[in-house]
Amino acid sequence: MRNMNQMMKQVKKMQQEMAKAQQELEQKEVVGTAGGGVVKVTMNGHKQLKGIEIAPEVVDPDDVEMLQDLITAAFNEAMKQVDELVAKDLGKFTGGMNIPGLF
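An unreviewed UniProt entry annotates the chain as Nucleoid-associated protein ACFQNG_03560 originating from Laceyella putida. Recorded under Subcellular location (unreviewed entry), the UniProt text for the chain is reproduced unchanged: "Cytoplasm, Nucleoid". The record held by UniProt for the chain lists under Sequence similarities (unreviewed entry) the comment "Belongs to the YbaB/EbfC family."

What about the UniProt feature "coiled-coil region" (unreviewed entry) in the chain?
In the numbering used here, UniProt assigns the feature "coiled-coil region" (unreviewed entry) to residues 4-31. The span residues 4-31 is 86% helix and 11% strand, and its two end C-alpha atoms sit 45 Å from each other.

Describing the pattern of salt bridges
In this structure the tally under the stated criterion is four salt bridges. Put simply, E17 and K13 hold a salt bridge, and the shortest N to O gap is 4.0 Å. Note that E17 and K13 are positioned in helix α1 (residues 2-27) at a spacing of four residues, about one turn of the helix. Notably, a salt bridge pairs K47 with D83, separated by 2.8 Å at the nearest N-O pair. In this pair, K47 is assigned in the loop between β2 (39-44) and β3 (49-54) and D83 in helix α2 (residues 64-94), connecting sequence segments 36 residues apart. On the accessibility criterion, K47 (35% relative accessible area) is partly exposed.

Points about the pairing of β2
When a strand is regular, its side chains alternate between the sheet's two faces. Burial within β2 is extensive, with five of its six residues counted as buried. Taken together, the six bridges between strand β1 (residues 29-34) and β2 define a ladder with antiparallel strand orientation. Note on β2: the bridge partner recorded for V31 is T42. With antiparallel pairing between neighbouring strands as the criterion, β1 and β2 make up a hairpin whose turn holds four residues, including G35 at a positive phi of roughly 65°. Looking at chain direction, β2 and β3 are connected through five bridges and run antiparallel. When the sheet's bridge partners are listed, T42 is paired in β3 with G51. Between β2 and the antiparallel strand that follows it, β3, lie four residues; K47 among them carries a positive phi value of about 65°.

Criteria and cut-off values
- Residues numbered from 1 in each chain as written.
- Predicted model: local features only at pLDDT ≥ 70, side-chain atom pairs only at ≥ 80, totals over all residues.
- Heavy atoms only, no water.
- UniProt positions renumbered as here; feature names shortened; annotations may be inferred.
- Helix = DSSP H or I, 4+ residues; strand = E, 2+ residues; numbered from the N terminus.
- Salt bridge = Lys/Arg side-chain N within 4 Å of Asp/Glu carboxyl O.
- Buried < 20%, exposed > 50% of the residue type's maximum accessible area, 1.4 Å probe, protein only.
- Pairing = 2+ DSSP bridges.

Written out as structure tokens, the structure is:
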């Protein structure tokens, strides 16, 4: 029974550490860029969009499609960076397993 109690304490400690790591992810930010940095998308570790910066020189009313493509590319890069951040920060708890619903 002593081993079971010890194991439960370890599980509880790990859960607390994981919850703390998830909270810290909300404070971390990544920036995805496109077009050599003319479009920047900032996201936090919870995949929440925090901001978009667009250089005035890429705003061309005659070529809205290019701007849309740049925003999409910057957003996708930021999402990839968040996934890498989450894998790094929470991977120590999941052992590299991709657990659906975790993030």
